[in-house]
Amino acid sequence: MLPSRPSAPFRLAVNGYGRIGRCFVRAIHEAGLADYLCVVAINEPAALASIAHLTRFDSTHGRFPGRIDIVEDENILLLDGRPASVSHMLIPGEVDWHTHEIDLVVECSGRYVERAQLQGFIDAGCPRLLLSNPGAHAHDVDATVVHGVTHTRLDLQSRLVSAASCTTNAVVPVLCLLHREFGLERVLLTTLHSAMNDQPLIDGYHHPELARTRSAMQSIIPVATGLARGVERLLPELEGRIEAKAIRVPTHNVSAIDMVLTFSKETDAARVNGVLREAAQGEYAGLLDWSDAPHASIDFNHDPHSAIVDGSQTRACGPQMVNLFVWFDNEWGFANRMVELARHWLEALAEHCKT
């Protein structure tokens with residue numbers, strides 16, 4: 001039997017109100033969905049005043065598009081007049097999710113990757129959980145979904161679902177299209193990713209991975225990545241053909257992926273660009289974009305697409321190897337996909353319960 005009460009308007013909670021958590025809430029409001037996807041609870045260890053301040057003012061995305069207030073004695077954050085109850089538990093299993101009659105908890109802390117940890121949410125009354133990060137292994141979640149590409153495969157019996165990662169969401173639509181058109185034999189991905197919270201501003205003991213102990217804003221820093229294995233979970237037909245590396249760069253937002261692709265069919269830069277441009281205008285409109293203007297990364301700050309193919313940078317090396325360059329707002333694009341996935345999941349549940 002399906003758990004809990006899938007009826008609109010839907011009641012959502014956010015666990016972990018950092019960069020992605022705040023972008024998720026803001027994306028709901030900017031899309032005009034705040035009365036449909038109602039954020040009624042937030043669990044975040046930070047003080048209520050800090051939560052309100054960082055919701056109201058954002059150095060990357062600007063001011064919140066509405067009014068932000070607090071009811072301090074009741075520990076409530078008012079999001080443009082809509083109340084969200086705020087708790088400050090360090091362990092999500094200590095939150096009584098039952099109290100708020102939640103339809104979906106969106107886990108945005110990034111701290112929980114194993115099924116045993118995630119089960120704590122379910123045991124505490126969370127009917128279903130959408131993660132902003134991949135599980136440690138495929139079996140740690142019921143499904144990993146890239147909205148716009150694999151969301152129709154979502155089993156409505158699932159309770160633990162991962163939205164993959166910002167990078168996977170940028171890569172999968174491009175690879176899916178090109179594999180279908182030309183057949184992918186080998187894929188090498190290099191992510192150029194903006195600095196993140198697991199890096200210090202100055203050298204410090206922030207991470208067991210030694211490269212991440214170095215100042216985020218002073219160096220280009222190679223780091224470990226699970227991107228290749230993450231893509232294989234979504235596109236198992238490419239298993240064993242993908243490898244990836246990641247480099248952190250000293251910018252605050254907007255990242256890029258350099259793709260080296262070997263195809264089974266002969267092609268050239270113009271044909272590859274044509275396939276991607278056509279998809280951006282049709283099948284993947286709103287998910288994928290294409291441009292051949294002379295861009296800098298800042299051009300894509302607050303861009304809701306999962307990926308923007310820079311056609312001016314497409315290069316062919318012989319008849320079967322092509323190099324692509326893809327931009328993506330690693331915060332805003334991913335937050336928008338999470339909103340869309342949450343909506344799809346809850347609407348599908350509601351429709352299922354009618355039949």
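The rules behind these values
- Residues numbered from 1 in each chain as written.
- Predicted model: local features only at pLDDT ≥ 70, side-chain atom pairs only at ≥ 80, totals over all residues.
- Heavy atoms only, no water.
- Helix = DSSP H or I, 4+ residues; strand = E, 2+ residues; numbered from the N terminus.
- Rg over C-alpha atoms; globule rule 2.2 N^0.38 Å.
- Buried < 20%, exposed > 50% of the residue type's maximum accessible area, 1.4 Å probe, protein only.
- Contact = heavy atoms within 4.5 Å.
- Areas by Shrake-Rupley, 256 points an atom, 1.4 Å probe, with all protein chains shown as cover.
- Lys, Arg positive; Asp, Glu negative; His and termini not counted.
- Charge placed at Lys NZ, Arg CZ, Asp CG, Glu CD.
- Pairing = 2+ DSSP bridges.
- Right-handed = clockwise from strand over helix to strand, strands pointing away.
- Axes fitted to C-alpha atoms, helices over the stretch in contact; angles between N-to-C directions.
- Polar contact = N/O pair within 3.5 Å; in protein donor to acceptor, adjacent residues only side chain to side chain.
- Arc of directions from axis to C-beta.
- Core = buried A, V, L, I, M, F, W, Y, C linked by side-chain atoms within 4.5 Å.
- Expected span 1.5 Å × (residues − 1).

Side note on the overall build of the protein chain
Reasoning step 1: If you tally the helices and strands in the protein chain, you get seven helices and 17 strands.
Reasoning step 2: At 20 Å, the protein chain has a C-alpha radius of gyration in line with the 20 Å of a compact globule built from 355 residues.
Reasoning step 3: Each principal axis of the C-alpha distribution contributes one length, and for the protein chain these read about 65 × 55 × 35 Å.
Reasoning step 4: Burial statistics for the protein chain: of 355 residues in total, 53% are counted as buried.
Reasoning step 5: Sequence separation of at least 24 residues holds for 70% of the intrachain contacts in the protein chain that already meet a minimum separation of 6.
Reasoning step 6: Of the roughly 15600 Å² of accessible surface on the protein chain, a fraction of 52% belongs to carbon and sulfur atoms.
Reasoning step 7: For the protein chain, the centre of its 30 positive side-chain charges and the centre of its 43 negative side-chain charges are spaced 1 Å apart.

Thoughts on the pairing of strand β1 (residues 10-15)
Reasoning step 1: Burial analysis of β1 places five of its six residues in the buried class, which makes it a mostly covered element.
Reasoning step 2: Of the strand pairs in this sheet, β1 and strand β2 (residues 37-43) are connected by six bridges, and their pairing is parallel. Of the residues in β2, the one forming a bridge with Arg-11 is Cys-38.
Reasoning step 3: Note on the crossover from β1 through helix α1 (residues 19-30) to β2: the handedness is right-handed.
Reasoning step 4: Bridge analysis of β1 against strand β6 (residues 104-107) gives four bridges, and the strand direction is parallel. When the bridges of β6 are listed, Val-14 appears paired with Val-106.

Things to note about the sheet that holds strand β9 (residues 160-162)
Reasoning step 1: As summarised here, the arrangement of the nine strands in space is β3-β4-β5-β2-β1-β6-β7-β9-β8, forming an open sheet in which the pairing is mixed. Across the chains shown, the open sheet's two edge strands, defined by having one partner strand only, are β3 (68-71) and β8 (143-144).
Reasoning step 2: The strands that helix α7 (residues 332-354) touches are β1, β2, β6, β7 (129-131) and β9; relative to β7, the one it contacts most, it runs at about 155 degrees.

Points about unusual backbone geometry
Reasoning step 1: Located in the positive-phi region is Asp-80, a residue other than glycine, with phi close to 55 degrees.
Reasoning step 2: Along the chain, Asp-80 falls in the loop between β4 (76-79) and β5 (82-87).
Reasoning step 3: With phi around 70 degrees, His-302 is a residue other than glycine that occupies positive phi space.
Reasoning step 4: Topologically, His-302 is positioned in the loop between β14 (288-291) and β15 (307-310).

Considerations on the environment of Thr-99
Reasoning step 1: With respect to the element layout, Thr-99 can be found in the loop between β5 and β6.
Reasoning step 2: In sequence terms Thr-99 and Gly-125 are 26 residues apart; their C-alpha atoms lie 8.6 Å from each other.
Reasoning step 3: Engagement of the side chain of Thr-99 in a polar contact is seen with the side chain of Asp-96, the distance being 2.7 Å.

Some thoughts on helix α2 (residues 48-56)
Reasoning step 1: Taken residue by residue, α2 has Leu-48, Ile-51, Ala-52 and Thr-55 as its buried positions. The arc that holds the buried residues of α2, viewed along the axis, is 95 degrees, so those residues lie on one side.
Reasoning step 2: Packed against the buried residues of α2 are α1, β3, β4 and β5.

Looking at the nonpolar core
Reasoning step 1: The biggest cluster of nonpolar side chains holds 87 residues, and the ones touching the most others in it are Leu-12, Phe-24, Leu-77, Leu-178, Met-259, Leu-276 and Leu-288.
Reasoning step 2: Contacts of Leu-12, omitting those with residues within four sequence positions, involve Phe-24, Ile-28, Leu-37, Cys-38, Val-39, Val-40, Ala-41, Ile-102, Leu-104, Val-106, Ala-342 and Leu-346.
Reasoning step 3: Judged by nonpolar contacts, the second largest core, of 18 residues, contains Val-40, Trp-97, Val-105 and Ala-124.

Remarks on helix α4 (residues 166-182)
Reasoning step 1: Look at α4: 25 Å from first C-alpha to last across 17 residues, which is about the 24 Å you get at 1.5 Å a residue.
Reasoning step 2: Burial runs high along α4: 13 of the 17 residues are buried.
Reasoning step 3: After α4 finishes, the residue Gly-183 shows a positive phi value of roughly 80 degrees.

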